[in-house]
Amino acid sequence: MDSVVIGGSSSIGLPIVQALANAGHGVTATYNSSPPPKNDSVKWVRLDIMSRESIDSFGDECPSTDLLVLLPSLSLGKKLEAYTDELIDEVVTVNFSGQVRLLQAVKNHLTRGSQVIVMASIAAQRGSSDPLYGATKGAMISLTKSLAKSLAPTTRVNAIAPGMVRDTAMHDSTPKSIIDGHLAQTPTGHFPSAEDIAGIVVDMTRSHWSSLNGACIDLNGGQYLR
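The following paragraphs examine the structure supplied in this document.

Scoring rules and cut-offs
- Residues numbered from 1 in each chain as written.
- Predicted model: local features only at pLDDT ≥ 70, side-chain atom pairs only at ≥ 80, totals over all residues.
- Heavy atoms only, no water.
- Helix = DSSP H or I, 4+ residues; strand = E, 2+ residues; numbered from the N terminus.
- Buried < 20%, exposed > 50% of the residue type's maximum accessible area, 1.4 Å probe, protein only.
- Core = buried A, V, L, I, M, F, W, Y, C linked by side-chain atoms within 4.5 Å.
- Contact = heavy atoms within 4.5 Å.
- Bend = angle between axes of the 7 residues up to and from the residue.

## What to know about the environment of Asp218
Here Asp218 is to be found in strand E7 (residues 216–219). Under the relative-accessibility criterion, Asp218 is labelled partly exposed at 29%. Distance in space between the C-alpha atoms of Asp218 and Lys79 is 25 Å, their sequence separation being 139 residues.

## Focus: the nonpolar core
Note on soluble globular proteins: their nonpolar side chains tend to be buried together. Ile6, Phe58, Leu68, Leu70, Leu102, Leu103 and Val116 are the most contacted members of the largest nonpolar core, which has 32 residues in total. If one sorts the elements of this core by residue count, helix H5 (residues 131–150) sits on top with six residues. Discounting chain neighbours no more than four positions away, the residues touching Val116 are Leu68, Leu70, Leu103, Leu110, Thr155, Arg156, Val157 and Asn158. In terms of nonpolar packing, the next biggest core, distinct from the first, is built from 29 residues, Ile16, Leu67, Ile160 and Ala194 among them.

## Topic: helix H3 (residues 85–106)
Within H3, the axis deviates most sharply at Thr93, by approximately 60°. All of the buried residues along H3 are Val91, Thr93, Val94, Asn95, Ser97, Gly98, Gln99, Leu102, Leu103 and Val106. Along its buried surface, H3 packs onto strand E1 (2–6), helix H2 (52–61), strand E4 (65–70), strand E5 (110–119) and H5.

See below:
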């Protein structure tokens, strides 16, 4: 199976890339600024999701793809009044419109029986103190539902919506008081790790998930139920 991971150099992306490689996938993964350490089982390609030229170039070189994982995510943690036009454009592009353009660019490389997995967030379901982050993640879930119909039967499209995830840049940069507050609201009393998310992504490629299409898998320990 050939997999493409967009945003593979992120703190969630790296475990996903490694788990897919360990499962025998041929993996192409993207980074933006600094290339990750060399890995003979992974082909790293630079991609700037903010640049149409970069997206088109990636689309021209994209390999035949059985699994496409979309991880780009930007949370600035700002209130509505703090957003300038430039910041609005940046968050909307990274979290939504750039990924739409990327899908346009690679659509013809998706194989029959392929799957797209979108990384959403609990913020898309319950709202967020950062309104642009919550709204753009919600847009990706809506896009997932629409594409699950329009791309079928060739490609299935599903989303994963975690709450706080351990071993990630977002977790590590969040004040302890806020982490403790999230934990107190989580009935299971723990957060998934980045490695847990990676294991779920790998498992979703297996045949017993073949009827999953247009779904959003909530991984928040019961913090938000719908």
